[in-house]
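This is what each chain is made of:
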Amino acid sequence: MAKLRFQHTIAALLVIASSSVLAADIESKTSISYGDGEHLNLSTRSQLNNWYLTGFNSSQFVSNGEQDSNQEWFFNGGYQHKLYNELSLFVEAGVNNQYDDIATRKGFNLSTGVNYQPLKSLSIQSKLVQVHQPKFDNTENSLELSSTYHLLNNIDVKAVYQIEAQKEQTQQQVQFGLGYRF
């Protein structure tokens, strides 16, 4: 009987906690961007206090040099900690659409970085990323520098510079795009 009461107490606490979370302000952003004449990116982010969830597609380098028509989709959860008013440190982890299982780390990614926002309309971010690509039995490490400038209420200009290291080669990519926030 004590075990049953304990389970009901835990269930009641979960209901109370979830209702207070639902009553809190959750900030959500969805955006679509087009750049370089071939990349259409969709992303969404929901944030509650310092915790956030993101989902986005990404065109990644392919180690054998062939163009890959399949997009990778990432679903990450993370924590962002403000160091100063304009500077935040973040760490995130998640899975992509090639996820197999956590034991083999296939389809698993981990990243950390710094976000600097000197103006409300300008954001600059540096990020270190590790992604396991099960299709190529490869772990990809990259450094990404990106910036976003809000031109108008819902229109952004984006720029990304990325250096990726795969097995024995290093590749670079530069992307420019125009984005719309919903």
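Residues numbered from 1 in each chain as written. Predicted model: local features only at pLDDT ≥ 70, side-chain atom pairs only at ≥ 80, totals over all residues. Heavy atoms only, no water.

*Asks:* Go over the overall build of the protein, please, and point to the residues and values.
*Replies:* A count of helical and extended segments in the protein gives one helix and ten strands. When its helices and strands are written in sequence order, the protein yields α-β-β-β-β-β-β-β-β-β-β. Taking all 182 residues of the protein together, 28% fall into the buried category. Pairs at least 24 apart in sequence give 38% of the contacts found in the protein among residues at least 6 apart. Summed over its atoms, the accessible surface of the protein is roughly 11,800 Å², and 60% of this surface lies on carbon and sulfur atoms. (Helix = DSSP H or I, 4+ residues; strand = E, 2+ residues; numbered from the N terminus. Buried < 20%, exposed > 50% of the residue type's maximum accessible area, 1.4 Å probe, protein only. Contact = heavy atoms within 4.5 Å. Areas by Shrake-Rupley, 256 points an atom, 1.4 Å probe, with all protein chains shown as cover.)

*Asks:* Run through unusual backbone geometry, naming residues and quoting values.
*Replies:* Most peptide bonds take the trans form, and the phi angle of most residues other than glycine is negative. Positive phi is not limited to glycine here, since N49 has a value of about 55°. Within the secondary structure layout, N49 lies in the loop between β2 (39-48) and β3 (51-58). Under the relative-accessibility criterion, N49 is labelled exposed at 65%.

*Asks:* Mind laying out the environment of Y84, listing which residues take part and the relevant values?
*Replies:* With respect to the helices, strands and loops of the structure, Y84 is situated in the loop between β4 (72-82) and β5 (87-96). Note: C-alpha distance between Y84 and Y116 (32 residues apart in sequence) is 9.4 Å.

*Asks:* If you had to explain a nonpolar patch on the surface to someone new, which residues and values would you point to?
*Replies:* On the surface, a nonpolar cluster with roughly 470 Å² of combined accessible area is contributed by Y149, L151, L152, V157 and L178. You can see L151 is positioned in the loop between β8 (138-150) and β9 (155-166). (Patch = residues over 30% accessible without salt bridge, like charges linked within 9 Å, V, L, I, M, F, W, Y side chains within 5 Å. Salt bridge = Lys/Arg side-chain N within 4 Å of Asp/Glu carboxyl O.)

*Asks:* Report on the pattern of salt bridges, specifying residues and quantitative values.
*Replies:* Evaluated as defined, the whole model comprises three salt bridges. Note that K127 and E92 form a salt bridge whose closest N and O atoms lie 3.8 Å from each other. Taken as a pair, K127 in strand β7 (residues 122-133) and E92 in strand β5 lie far apart in primary sequence, 35 residues in all. Pair check on accessibility: K127 and E92 agree, each one buried.

*Asks:* Tell me about the side chain of S111, and please be specific about residues and values.
*Replies:* Position of S111 among the secondary structure elements: in strand β6 (residues 108-119). The residues contacting S111, other than those within four sequence positions of it, are F90, V91, E92, K127, L128 and V129.

*Asks:* Before we move on, could you go through the pairing of β5 and cite the residues and values that matter?
*Replies:* Every second residue of β5 is oriented toward a common face, the buried set being S88, F90, E92, G94 and N96 and the non-buried set L87, L89, V91, A93 and V95. Taken together, the nine bridges between β4 and β5 define a ladder with antiparallel strand orientation. Considered in β5, the bridge of F75 is made with V95. If you look at the hairpin formed by β4 and β5, you'll find four residues sitting between the two strands. Pairing geometry for β5 and β6, over nine bridges, is antiparallel. (Pairing = 2+ DSSP bridges.)

*Asks:* How would you explain the confidence of the model for the protein if you had to name every residue and give the values?
*Replies:* Scored by pLDDT, the protein has a mean of 77; 69% of the residues are at 70 or more. No element of the protein has a lower mean pLDDT than helix α1 (residues 2-23), at 47, and none a higher one than β6, at 93. Considering only residues more than four positions removed or in separate chains, one finds that residues 11-21, a stretch of pLDDT under 50, has two contacts. Low pLDDT, under 50, characterises residues 60-67; the predicted model gives this stretch 21 contacts beyond four residues in sequence or across chains. (pLDDT = per-residue confidence, 0-100.)

*Asks:* Pulling in residues and values, what's your account of the environment of L152?
*Replies:* For L152, the location among the structural elements is in the loop between β8 and β9. Sequence separation between L152 and Y180 is 28 residues; the distance between their C-alpha atoms is 9.6 Å.

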